[in-house]
Amino acid sequence: MACTLDRTNPLGGLPPKHCLNGGYKPVFTDRLLLEEALQFCKTSLEDNLKHNVNLVRVSAPLFVTRASGFNDNLNGTERPATFEPRDFPGVHLEVPFSLAKWKRWALHYYKVEAGKGIVTDFRGLRCDDDVDYTHSLYVDQFDWEKHIAPADRNVEYLKTTVTAIYKALYDTEQAVCKKYGIEPYLPEEITFATSDDMIKEHPHATPKGRENILCEKYKAVFFIGIGGMKEDGSLRHDGRAPDYDDWITERADGGFGLNGDLLVWNPVLKQSFELSSMGIRVNPEVLLKQLDLCHVPERKSFVWHKMLLDGTLPQTIGGGIGQSRTCQFLLRACHIGEVQHGWYNPAEVEILKKDGINLLGLGEFDADPLAKSA
């Protein structure tokens, strides 16, 4: 999702103005009922995903070794949370940003056949992520990956998979709304668009502006083609690391990339809202090209990259679906901290608390440095 945080504003992480000063009322005031609803959202979505995409739940690591190259590099500039085991100085372990690479290795490890995949309950840390009403330092998502045949590396297969995932989200919203008396919002079908076409149609709009135009019109959109540069050297839409999604393969429509973001129009925030990022993964040829384009050819020496280049790892499609982000949407919360125990600007926590918007676990104690900005 294109960035919304205004870093020039010391209170830039607050929800939109229309949500403040009494403009927003939480659906849940009973904390235990909220926790029950959160669990229902996550369990329902996971079950629907497993059924629709043919996935099996597996366990996942909380940290990986830096030398393995298994960590997801996101945009390539973020710092991972890193530590050394007490008795093994010099060994650097990292909390993953996501399991984009690990999942592909796991398909090989578990000997998952083509047409079937895995899903994990991933928990991670992103020290350099925005901290605002839709972003957190703590990441929880359903990280999934599916083994595909080489012939499935095309935009039609991508769209078929997106449709199945969107159906899981749609059915989950229907169940949540029925159980808790919330008005459903999502349309039955998702609309597909490309970043290439949207740049041509709206050349002067920002990436976030283009997302807003599409989502306000269609309510649910899959935005194809994320990553890579425009002719002027600026990002085409948003950044992507070079070693998981394929963002350079030319499509039949003349655009580039076999990946994308699933976005919806958020009726509470009145803006586009990303729920998932996914794509067909790089094959050896695309990996080498994207490493060169990002000026990181040295990654070829990492364990994971060697396994991909020598054919050990299968061809795959995969992605992540934000659990807290999805719960924020489904339960019509204006701040992600309402559905997740995290850390946010203490000054903003106090402002929200005075406005009747309570973030989980924060702002409870005067002596708590998390509660006060001073």
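Read on for an overview of the structure. (Residues numbered from 1 in each chain as written. Predicted model: local features only at pLDDT ≥ 70, side-chain atom pairs only at ≥ 80, totals over all residues. Heavy atoms only, no water.)

### Description of the nonpolar core
Phase 1: Counting residues in hydrophobic clusters, the biggest one holds 64 residues, and the most contacted among them are Leu 49, Trp 144, Ile 165, Phe 222, Leu 262, Val 264 and Leu 331.
Phase 2: Top element by residues in this core is helix 3 (residues 155-180). It accounts for 13 residues.
Phase 3: Aside from chain neighbours lying at most four places away, what touches Val 264 is Leu 186, Cys 215, Lys 219, Ala 220, Gln 271, Ser 272, Phe 273, Leu 275 and Phe 329.
Phase 4: Listed in part, the 20 residues of the second largest apolar core include Ala 106, Val 112, Trp 304 and Leu 313. (Core = buried A, V, L, I, M, F, W, Y, C linked by side-chain atoms within 4.5 Å. Buried < 20%, exposed > 50% of the residue type's maximum accessible area, 1.4 Å probe, protein only. Helix = DSSP H or I, 4+ residues; strand = E, 2+ residues; numbered from the N terminus. Contact = heavy atoms within 4.5 Å.)

### Thoughts on helix 5 (residues 207-218)
Phase 1: In a regular helix each residue adds 1.5 Å, so twelve residues correspond to 16 Å; helix 5 covers 17 Å between its end C-alpha atoms and thus fits that length.
Phase 2: Of the residues making up helix 5, those classed as buried are Lys 208, Gly 209, Arg 210, Glu 211, Leu 214 and Cys 215.
Phase 3: For helix 5, the elements touching its buried residues are strand 7 (191-194), helix 4 (195-201), strand 8 (220-224), strand 9 (259-266) and strand 10 (271-280).
Phase 4: Once helix 5 ends, the next one or two residues include Lys 219, with phi positive near 75 degrees. (Expected span 1.5 Å × (residues − 1).)

### Brief notes about a nonpolar patch on the surface
Phase 1: A surface patch of nonpolar side chains, about 290 Å² in accessible area, is lined by Leu 62, Phe 63 and Phe 83.
Phase 2: In this structure, Leu 62 sits in the loop between strand 1 (55-57) and strand 2 (64-65).
Phase 3: You can call Leu 62 exposed: its relative accessible area is 51%. (Patch = residues over 30% accessible without salt bridge, like charges linked within 9 Å, V, L, I, M, F, W, Y side chains within 5 Å. Areas by Shrake-Rupley, 256 points an atom, 1.4 Å probe, with all protein chains shown as cover. Salt bridge = Lys/Arg side-chain N within 4 Å of Asp/Glu carboxyl O.)

### Remarks on the packing of helix 3 against helix 8 (residues 323-330)
Phase 1: At a minimum axis separation of 11 Å, helix 3 and helix 8 run at an interaxial angle of 50 degrees. In terms of axis orientation, helix 3 runs oblique to helix 8. When you trace helix 3 past helix 8, the crossing you get is right-handed. Within the contact between the two elements, helix 3 uses Leu 169, Thr 172, Glu 173 and Val 176 and helix 8 uses Thr 326, Phe 329 and Leu 330.
Phase 2: Grouping the amino acids of the contact of helix 3 with helix 8 by side-chain chemistry returns four nonpolar, two polar and one charged. (Axes fitted to C-alpha atoms, helices over the stretch in contact; angles between N-to-C directions. Parallel < 35°, antiparallel > 145°, perpendicular 65-115°, else oblique. Left-handed = near helix turned anticlockwise from the far one by under 90°. Nonpolar A, V, L, I, M, F, W, Y, C, P; charged D, E, K, R; others polar.)

### Remarks on the sheet that holds strand 2
Phase 1: One open sheet holds the three strands; their spatial order is 2-4-3, and the pairing between them is antiparallel. For this open sheet the edge positions go to strand 2 and strand 3 (81-83), each flanked by a neighbour on one side alone.
Phase 2: Relative to strand 4 (residues 93-95), strand 2 is paired through two bridges, and the arrangement is antiparallel. Following the sheet pairing, Val 64 is matched in strand 4 by Glu 94. (Pairing = 2+ DSSP bridges.)

### A few points about the pattern of salt bridges
Phase 1: Tallied over the full model, the rule gives 23 salt bridges.
Phase 2: Between Asp 143 and Lys 103 there is a salt bridge whose closest N-O contact spans 3.1 Å. Separated by 40 residues along the polypeptide, Asp 143 in strand 6 (residues 138-147) and Lys 103 in helix 2 (residues 100-109) bring together distant segments of the chain. When sorted by exposure, Asp 143 lands in the same class as Lys 103, which is buried.
Phase 3: Through salt bridges with shared partners, a single network forms among Lys 103, Asp 143, Glu 145, Arg 240, Asp 245, Asp 261 and Arg 281.

### Some thoughts on the sheet that holds strand 11 (residues 316-322)
Backbone-to-backbone hydrogen bonds join strands into a sheet, with any given pair of strands oriented parallel or antiparallel.
Phase 1: Spatially, the eight strands line up as an open sheet ordered 1-5-6-11-10-9-8-7, and their pairing is mixed. Every other strand in the sheet has two partners, leaving strand 1 and strand 7 as the edge strands with one partner each. Here the strands of the sheet are splayed against their neighbours by 30 degrees on average, with no regard to which way each runs.
Phase 2: Those strands touched by helix 1 (residues 31-53) are strand 1, strand 5 (117-125), strand 6 and strand 11, and its axis lies near 15 degrees from that of strand 6.
Phase 3: Set on the sheet, helix 2 makes contact with strand 5, strand 6 and strand 11; between it and strand 6 the angle comes to about 35 degrees.

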